[in-house]
Amino acid sequence: MNSLSIGDTRPVVELFGVQKTYVTDTGNVRALDPVSFGFEKGAILSVVGPSGCGKSTLLRILAGIDPASGGRVVIDGRAITGPVPDMGIVFQRDLLLDWRNVIDNVMLPAELARRNDGEMRARAIGLLTELGVGDFLNRFPYELSGGMRQRVAIARALLLKPSLLLLDEPFSALDAMTRDQMNVILQRLQQHEQVSTLLITHSIAEAVYLSDRVVVMSARPGRVLDVIDIEMPKPRPLSIREEPEFTAIARRIRVLFEKEGVLAA
């Protein structure tokens, strides 16, 4: 397992031989071959791979939502056997409640945790302001653009200061310019919050730009093709994508996909 010198270098998340097979009426479907990797506290790790390679399955296993068929997941030294409470999750769909306005959507975790107080509300407003939607507290989801809705979803996921943030292709439905904007915002917010983050994406550029480490996955059944540490300093401007070091890492990942037949050479 590659090392990474960032903040506290103890692995906060470790996967050991995690695999997944789905049992169906027409036979077993092998989604994940044994997968092993880890990352450190305060880091961003991206899992990049083609559609159907088991990326989202891996995230659900890590969250304790979906049990693994084999192997184990360890978070902060504890083996995961069920849902993890100290965790924020953002999915491709924002899953905002249409009948609640922005601030009430963000405050929902505090209500469920019986922490609906002034301190939590102040944090919610602070997160929304940092995410650029502080002027829309009383708007409803249907009044917001897709990018704005995802900002609200990120604020909700971060409200209770989770130790781990899981992002399942949260920007894949956005246009290119909005996606770039969200990448910049996420980088800044993650550094400010210092939350350990796992990002599922099929975008090579997004993975390299945001991450301290990238896990490259094969087509189904998903297996690890490579684990690449990204040592470019942060914060990173979008223009870094034009730098030789960035393009070399992106090319390294692309070549792996070409060898797998995922991309045409």
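The structure we're discussing is the one just above.
The paragraphs below set out a description of the structure included in this document. The structure presented is a predicted model; accordingly, all values stated were derived computationally and were not measured.

1. Some remarks on the pattern of salt bridges
Opposite charge on two side chains allows them to pair when their charged atoms are near.
Part 1 of the argument: Inspection of every chain in the model, using the stated rule, returns 15 salt bridges.
Part 2 of the argument: Between Arg241 and Asp180 there is a salt bridge, with its nearest N and O atoms 2.9 Å apart. With Arg241 in the loop between β10 (224–229) and α7 (244–260) and Asp180 in helix α5 (residues 176–193), this residue pair connects regions lying 61 residues apart in the sequence.
Part 3 of the argument: Residue Arg241 is classed as partly exposed on the basis of its relative accessible area of 28%.
Part 4 of the argument: Of the residues examined, Asp180 reaches a relative accessible area of 22% and is grouped as partly exposed.
Part 5 of the argument: Across the salt bridge formed by Arg223 and Glu260, the nearest N and O atoms sit 2.8 Å from each other. One end of the pair, Arg223, is in the loop between β9 (213–217) and β10; the other, Glu260, is in helix α7, with 37 residues separating them in the sequence.
Part 6 of the argument: Taking relative accessible area as the criterion, Glu260 reaches 31% and is therefore assigned partly exposed.
Part 7 of the argument: If you follow the salt bridges from partner to partner, you end up with Lys20, Arg60 and Asp66 in one network.

2. Remarks on unusual backbone geometry
Part 1 of the argument: Cis geometry marks the peptide bond from Arg220 to Pro221, where omega comes out at -5°.
Part 2 of the argument: Tracing the backbone through its elements, the reader meets Pro221 in the loop between β9 and β10.
Part 3 of the argument: A cis amide bond links Lys234 with the next residue in sequence, Pro235, at an omega value of 0°.
Part 4 of the argument: Checked against the element boundaries, Pro235 lands in the loop between β10 and α7.
Part 5 of the argument: In this model, Lys161 sits at a positive phi of 50°, which is unusual for a non-glycine residue.
Part 6 of the argument: Within the secondary structure layout, Lys161 lies in the loop between α4 (146–158) and β7 (164–168).

3. Let's talk about the packing of aromatic side chains
Each aromatic ring pair is characterised by the separation of its centres together with the angle its planes make.
Part 1 of the argument: Applying the stated criterion across every chain, the model contains 1 aromatic pair.
Part 2 of the argument: Note on Phe140 and Tyr142: the rings are 6.1 Å apart at their centroids and 15° apart in plane angle, and the pair reads as stacked.
Part 3 of the argument: Tyr142 sits in the exposed class, given a relative accessible area of 61%.
Part 4 of the argument: Sitting over the ring of Phe16, Arg72 keeps its end group 4.6 Å from the ring centre.

4. Considering the sheet that holds strand β4 (residues 70–75)
Part 1 of the argument: Strand order in the open sheet made by the 4 strands is β2-β1-β4-β5, with antiparallel pairing throughout. Sheet topology places β2 (27–40) and β5 (78–79) at the edges, where each strand pairs with a single neighbour.
Part 2 of the argument: In terms of strand pairing, strand β1 (residues 11–24) meets β4 through 5 bridges, oriented antiparallel. Within β4, the position partnered with Phe16 by the bridge is Arg72.
Part 3 of the argument: Sitting on the sheet, helix α1 (residues 55–62) touches β1, β2 and β4, and the angle it makes with β1 is about 115°.

The rules behind the values
Residues numbered from 1 in each chain as written. Predicted model: local features only at pLDDT ≥ 70, side-chain atom pairs only at ≥ 80, totals over all residues. Heavy atoms only, no water. Salt bridge = Lys/Arg side-chain N within 4 Å of Asp/Glu carboxyl O. Helix = DSSP H or I, 4+ residues; strand = E, 2+ residues; numbered from the N terminus. Buried < 20%, exposed > 50% of the residue type's maximum accessible area, 1.4 Å probe, protein only. Phe/Tyr/Trp six-rings, centres within 6.5 Å; stacked < 30°, edge-to-face > 60°. Lys NZ or Arg CZ within 6 Å of the ring centre and 35° of its normal. Pairing = 2+ DSSP bridges. Contact = heavy atoms within 4.5 Å. Axes fitted to C-alpha atoms, helices over the stretch in contact; angles between N-to-C directions.

Any link to function would need more than the numbers given here.
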